[in-house]
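For reference, the chains in residue letters:
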Amino acid sequence: MATLSAAISYAVSGLTVTAGQSAVVSRNIANANDPDATRKTAEVVTLINGGAVISSYSRSADKVLLDKLLDVTAGASGQNALLEG
């Protein structure tokens with residue numbers, strides 16, 4: 001049976017994760033009108049002892065837009081190489 005201190009520890013880790021996720025959401029909302037901002041997400045993992053932590057933060061990107069940018073950039077570089085001979 002879990003002790004009171006273990007229960008408090010689980011509750012604290014859960015609240016810490018929730019606070020971190022709320023901060024990420026707040027930043028995403030604050031940057032909604034910034035064209036240079038990307039959407040961030042918090043990756044949560046469960047520990048062996050049953051607690052939870054944010055293991056990392058990741059940035060979302062539009063794959064189609066990124067692929068198009070890379071394609072255009074590569075094409076422009078190829079053209080410059082041909083022109084410079």
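So, here is what we can say about the structure in this document. (Residues numbered from 1 in each chain as written. Predicted model: local features only at pLDDT ≥ 70, side-chain atom pairs only at ≥ 80, totals over all residues. Heavy atoms only, no water.)

A tally of regular secondary structure across the protein chain gives two helices and two strands. In sequence order, the protein chain lays out its α and β elements as α-β-β-α. Of all 85 residues assigned to the protein chain, the portion counted as buried reaches 9%. Expressed as a percentage of contacts within the protein chain between residues at least 6 apart in sequence, the contacts between residues at least 24 apart total 24%. Entry remark: accessible area of the protein chain is about 6,800 Å², with carbon and sulfur atoms responsible for 62%. (Helix = DSSP H or I, 4+ residues; strand = E, 2+ residues; numbered from the N terminus. Buried < 20%, exposed > 50% of the residue type's maximum accessible area, 1.4 Å probe, protein only. Contact = heavy atoms within 4.5 Å. Areas by Shrake-Rupley, 256 points an atom, 1.4 Å probe, with all protein chains shown as cover.)

Bringing the side chain of Ser13 into the picture now. Considering the arrangement of structural elements, one finds Ser13 in helix α1 (residues 4-30). Classification of Ser13 by relative accessible area gives buried; the value is 16%. In contact with Ser13, other than residues within four places in its own chain, are Gly51 and Ala52.

The next point concerns the pairing of strand β2 (residues 52-59). Where strand β1 (residues 40-46) lies against β2, seven bridges are found, and the strand directions are antiparallel. Counterpart to Val45 in the pairing with β2 is Val53. Connecting the antiparallel pair β1 and β2 is a turn made up of five residues, with Gly50 showing a positive phi of about 100 degrees. (Pairing = 2+ DSSP bridges.)

Note that all results are geometric; they support no functional claim without further evidence.
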